[in-house]
Amino acid sequence: MAKAELMDYDKALELFEPVLGFEVHVELNTKTKMFSDAPNPAAGGVDQGAPNTMTTPVDLGLPGSLPVVNEEAIKYSISLGLALGCSIAESSRFARKNYFYPDTPKNYQISQFDEPIAYEGNVEVELADGRKFQIPIERAHMEEDAGKLTHVGGATGRIQGADYSLVDYNRAGVPLVEIVTHMIIGADRDAPELAKAYVSAIRDIVVSLGISEAKMERGNLRCDANISLRSRADVAASIAAGEPMPLGTRTETKNVNSLRSVERAIRYEIQRQAAILAKGGTILQETRHWHEDTGVTSAGRPKSDADDYRYFPEPDLLPVVPGAELIEKLRLALPEQPAVRRRRLQAAWSFTDLEFQDVRNSGLLVEIEETVAEGASAQSARKWWTGEIARLANIAGADPASLISPLHVSELIALIEAGDLTDRLARQVLEGVIAGEGAPHEVVESRGLKVVSDDGALIAAIDEALAAQPDVLEKIRDGKVQAAGAVIGAVMKAMKGSADAARVRELVLERATATVAE
Amino acid sequence: MSEITTDVVAHLANLSRIALTPEEIETLAGELGAIVDNVAKVNEVATADVPATSHPVALSNVFRPDVPGETLTPEQALSGAPDHDGTRFKVSAILGEEQ
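Residues numbered from 1 in each chain as written. Chains lettered and ligands numbered in written order. Predicted model: local features only at pLDDT ≥ 70, side-chain atom pairs only at ≥ 80, totals over all residues. Heavy atoms only, no water.

Student: Looking at this structure, I do not really get the packing of aromatic side chains. What am I missing?
Tutor: Aromatic ring pairs are described here by two measures, namely the spacing of the ring centres and the angle between the planes. Residues and elements named next belong to chain A. Taken as a whole and judged by the stated rule, the model has eight aromatic pairs over all chains. Summarising the aromatic geometry, the rings of Phe35 and Phe94 are spaced 5.2 Å apart at their centres and angled 85 degrees between planes, so their arrangement reads as edge-to-face. You can see Phe35 sitting in the loop between β1 (16-27) and β2 (69-70) and its partner Phe94 sitting in the loop between β3 (87-88) and β4 (95-98), a full 59 residues away along the chain. Per residue, the accessibility class of Phe35 equals that of Phe94, and both read buried. Three or more aromatic residues joined by ring pairs form one cluster here, namely Tyr99, Phe113, Tyr309 and Tyr311. (Phe/Tyr/Trp six-rings, centres within 6.5 Å; stacked < 30°, edge-to-face > 60°. Helix = DSSP H or I, 4+ residues; strand = E, 2+ residues; numbered from the N terminus. Buried < 20%, exposed > 50% of the residue type's maximum accessible area, 1.4 Å probe, protein only.)

Right, here's the structure in full:
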């Protein structure tokens, strides 16, 4: 639908109430795949690998091969279930989801159907203005990822019109947990933001658990967004009549690979569906594809016969019965909930909402926390990590945390606060540390960057500057204290930044008053 | 008696990508129906106190440690493929999408 045909967002919300539902797939970062000992391309620090270099007979569905469950993946899934507030099934089992498509070489995907490992939970989500929503979780089940298809020929690599497809099975068998929500009602005009906040909360949870690399751009975390609209008039009528509230036909938008896209896609679907419904049209129950570049969704496959997956229990795998002891052990090992942790840190550090938002967006919360733990003040830690270090990392195309350790940042800050380094010198020390020249005090030593605290050297430089600008002392005596700036600047330049500007200023002012006393 | 009608067989054949003639569908509906009816006899002895099972052996929790093992080379992986481009499997374009 062309943008001009969309209904205005406010108008759409006036007429209709959105009902949401999400399926979020999380690729676990275990060392090996779900059912085979092939290396997992979604593990941390693992190269994606050239096509078809990370497969075993199990991943290719070769005759005679048998899947065996990765124990670590089970533990990760239970931990995730617990963090989502779910109950963990005493016994759960795998099922075959049958479909014919070359992304799965077996013609079925091993998933969980009637006995998921985790069920009925709740995730608290916070909007930018601080309002909280409870997102009801229906289930979290384990499954395997599919291979990657590249469509060749036709227009722009899309499915339609392709001549043939090439398949890489490296991703086939990567452990996945699919988190399914119940219907989410009541988000109203906050629906797009809530969707983004929900996916963001899931990302925070899996990152805090350390069970996924959680990079959306790499497909470690993928969101399918279900949305339907129902007319407010119909809702009011059914309430008046005491009948169950009607539900509109939903669409499922796939391929939403960034937090921003989640928000935009929901907003677009609300406007698109509202425009159709307002004209008396009907919404097709279908899969839709989100296009990041154009900001629209397009029709995919209609829900039909093909959705008859004929699930049946996977005969090659045995039930998973985790036992209360393991579940309790994993529960005790759960990290602090991300939302709780954020509130605690913001209060402890006395950051404003804006400052804290800045830290969250920079993804450097952990680094700052560790730097503070090493003794630095929170404000200084924030300033250096989100400022100079992030800038240098950006230039280097590297992760800030890979450039310098929190211990060294803390040491650098301590040197500044002790008056041994100015900010300018500290930036040079930082460069040295990043270049591998050692700890900050070693760089200070080897590069000779310490602040000159010897007044004699400073006074000599001040004398020289005053000789060049003889009228400065006069001006200061006349009350124009800002005139000292010119001398301070000249001294700092002469000392190549290794002077403490505040001390230079003191000395210049002392000189002016001393001359009066004479 | 059987729930396996010709419509059900035609539907399953379509899902399984198996081309069947109307005669074959007719025959299979009868044969599959007889099999389902026979298996259904189990219901006559299964009582409420017998939990459903998905596996004939009373085992659970057969796991594998998370340790990488050997993988196939791309050549080995592709050796049984009807067609490939040297690194990837080549399949005819299918109108559809990833599930």
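Structure shown, so let's carry the discussion forward.
Student: How should I be thinking about the confidence of the model for chain B in this particular structure?
Tutor: Low pLDDT marks stretches whose predicted atomic positions should not be read closely. When pLDDT is averaged along chain B, the result is 87; 91% of the residues meet or exceed 70. For this predicted complex, the interface confidence comes out at an ipTM of 0.86, alongside a pTM of 0.78. (pLDDT = per-residue confidence, 0-100.)

Student: Mind showing me how you'd approach the pairing of strand β10 (residues 175-181) of chain A here?
Tutor: On a regular strand, one side chain projects to one face of the sheet and the next to the other, so that they alternate. Residues and elements named next belong to chain A. In terms of burial, β10 is largely enclosed, as seven of its seven residues are buried. Of the two faces of β10, the one holding Pro175, Val177, Ile179 and Thr181 and the one holding Leu176, Glu178 and Val180 are both buried throughout. Strand direction decides the pairing type here: β1 and β10, joined by five bridges, are antiparallel. Paired with Glu23 across the two strands is Val180, which belongs to β10. Where strand β7 (residues 132-144) and β10 come together, seven bridges link them in antiparallel fashion. Across the sheet, residue Ile137 finds its bridge partner in β10, namely Thr181. (Pairing = 2+ DSSP bridges.)

Student: Any chance you could explain the nonpolar core here in plain terms?
Tutor: It is characteristic of soluble globular proteins that their nonpolar side chains tend to be buried jointly. All names here are of chain A. Ranked by size, the top nonpolar core spans 75 residues in total, and within it Ile179 and Tyr198 carry the most contacts. The element that contributes the greatest number of residues to this core is helix α3 (residues 191-209), accounting for eleven residues. In contact with Ile179, not counting residues within four places along its chain, are Phe22, Glu23, Val24, Val26, Leu80, Leu84, Ile137, Arg139, Ala140, Tyr198 and Ile202. With 33 residues, the next largest nonpolar core counts Leu345, Trp349, Ala393 and Val409 among its residues. (Core = buried A, V, L, I, M, F, W, Y, C linked by side-chain atoms within 4.5 Å. Contact = heavy atoms within 4.5 Å.)

Student: Teacher, can you tell me more about the environment of Glu143 of chain A here?
Tutor: All names here are of chain A. Mapped onto the elements of the fold, Glu143 is located in strand β7. We classify Glu143 as buried; its relative accessible area is 4%. Between the C-alpha atoms of Glu143 and Arg96, which are 47 residues apart in sequence, the distance is 9.8 Å. Among the polar contacts made by the side chain of Glu143, one reaches the side chain of His141 at a distance of 3.1 Å. (Polar contact = N/O pair within 3.5 Å; in protein donor to acceptor, adjacent residues only side chain to side chain.)

Student: Can you walk me through the sheet that holds strand β16 (residues 312-313) of chain A in this structure?
Tutor: Adjacent strands of a sheet pair through backbone hydrogen bonds, lying either parallel or antiparallel. All names here are of chain A. Taken together, the three strands give an open sheet; going across it, the order is β5-β4-β16, and neighbouring strands pair in antiparallel fashion. With partners counted over all chains shown, the strands left at the sheet margins are β5 (108-111) and β16, one partner each. Alignment of β4 against β16, held across two bridges, turns out to be antiparallel. Following the sheet pairing, Ala95 is matched in β16 by Pro313.

Student: Just to check I follow, could you spell out the interface of chain A and chain B for this structure?
Tutor: Interface size is commonly expressed as the accessible area that is lost once the parts come together. With 62 residues of chain A in contact, the opposing surface of chain B contributes 41 residues. Summed over the shared surface of chain A and chain B, the number is zero salt bridges. Taken together, the links from chain A to chain B amount to 19 residue pairs in polar contact (both at pLDDT 80 or more). Elements supplying a minimum of two residues to the side of chain A that touches chain B: β2, α2 (71-83), β9 (164-168), β14 (286-291) and β15 (296-302) of chain A. (Salt bridge = Lys/Arg side-chain N within 4 Å of Asp/Glu carboxyl O.)

Student: How should the sheet that holds strand β2 (residues 89-92) of chain B be read in this particular structure?
Tutor: Strand order in this open sheet of three strands is β8(A)-β9(A)-β2(B), and the pairing throughout is antiparallel. The open sheet terminates on both sides in strands that have one partner only, identified here as β8 (148-152) of chain A together with β2 of chain B. Here the strands of the sheet are splayed against their neighbours by 30 degrees on average, with no regard to which way each runs. Sheet topology note: the β9 of chain A/β2 of chain B ladder contains four bridges and is antiparallel. The residue bridging Tyr164 of chain A from the neighbouring strand is Ser92 of chain B, located in β2 of chain B. (Axes fitted to C-alpha atoms, helices over the stretch in contact; angles between N-to-C directions.)

Student: Is there a simple way to explain unusual backbone geometry in this structure?
Tutor: When glycine is set aside, most residues are seen to have a negative phi, and most peptide bonds are trans. Residue and element names in this part refer to chain A. Non-glycine residue Asn107 carries a positive phi angle of around 70 degrees. In this model, Ser350 sits at a positive phi of 55 degrees, which is unusual for a non-glycine residue. Looking at the element boundaries, Ser350 is found in the loop between α7 (338-349) and α8 (353-362). With relative accessibility at 58%, the residue Ser350 sits in the exposed group.

Student: Explanation requested: helix α15 (residues 455-468) of chain A in the structure shown.
Tutor: Helical periodicity: at 3.6 residues per turn, an α-helix aligns residues three or four positions apart in one direction. All names here are of chain A. Over its 14 residues, α15 runs 20 Å from end to end, which matches the ideal 20 Å to within 8%, given 1.5 Å per residue. Among all positions in α15, only Leu458, Ala461, Ile462, Ala465 and Leu466 are buried. For α15, the arc enclosing every buried residue in end-on projection is 140 degrees, short of the 170-degree limit, so these residues lie on one face. Exposed and facing more than 90 degrees away from the buried side of α15 are Glu464 and Ala467. (Expected span 1.5 Å × (residues − 1). Arc of directions from axis to C-beta.)

Student: Help me out: how do you make sense of the pairing of β8 of chain A in this one?
Tutor: Residue and element names in this part refer to chain A. Side-chain alternation along β8 places Leu149 and His151 on a buried face and Lys148, Thr150 and Val152 on a face that remains uncovered. Sheet topology places β8 next to β9; five bridges connect them, and they run antiparallel. Bridge pairing in β9 links Thr150 to Leu166.

Student: Looking at this structure, how should I read the packing of helix α12 (residues 406-417) of chain A against helix α14 (residues 440-447) of chain A?
Tutor: Think of two packed helices as two axes; the pair is described by the angle between the axes and how far apart they sit. Residues and elements named next belong to chain A. The interhelical angle for the contact between α12 and α14, taken along N-to-C directions, is 55 degrees, at an axis separation of 8 Å. Considering the angle they form, α12 stands oblique to α14. Taking contact as the criterion, the partners of His408, Glu411, Leu412 and Leu415 in α12 are, on α14, Pro440, His441 and Val444. Split by residue class, the contact of α12 with α14 holds four nonpolar, two polar and one charged. (Parallel < 35°, antiparallel > 145°, perpendicular 65-115°, else oblique. Nonpolar A, V, L, I, M, F, W, Y, C, P; charged D, E, K, R; others polar.)

Student: Would you take a moment to explain the environment of Leu466 of chain A for this structure?
Tutor: Residue and element names in this part refer to chain A. Take Leu466: it is sitting in helix α15. Taking C-alpha positions, Leu466 is 41 Å from Gly436, a pair spaced 30 residues apart along the chain. Beyond its immediate stretch of four places on either side in the chain, Leu466 contacts Val472, Leu473, Val487 and Arg511.

Student: Just to check I follow, could you spell out a nonpolar patch on the surface for this structure?
Tutor: All names here are of chain B. There is a patch of nonpolar side chains on the surface, built from Leu32, Ile35, Val39, Val42 and Val45 and spanning about 460 Å² of accessible area. Among the secondary structure elements, those contributing two or more residues to the nonpolar patch are α2 (22-40) and α3 (42-45). The element contributing the most residues to the nonpolar patch is α2, with three residues. For Ile35, the location among the structural elements is in helix α2. (Patch = residues over 30% accessible without salt bridge, like charges linked within 9 Å, V, L, I, M, F, W, Y side chains within 5 Å. Areas by Shrake-Rupley, 256 points an atom, 1.4 Å probe, with all protein chains shown as cover.)

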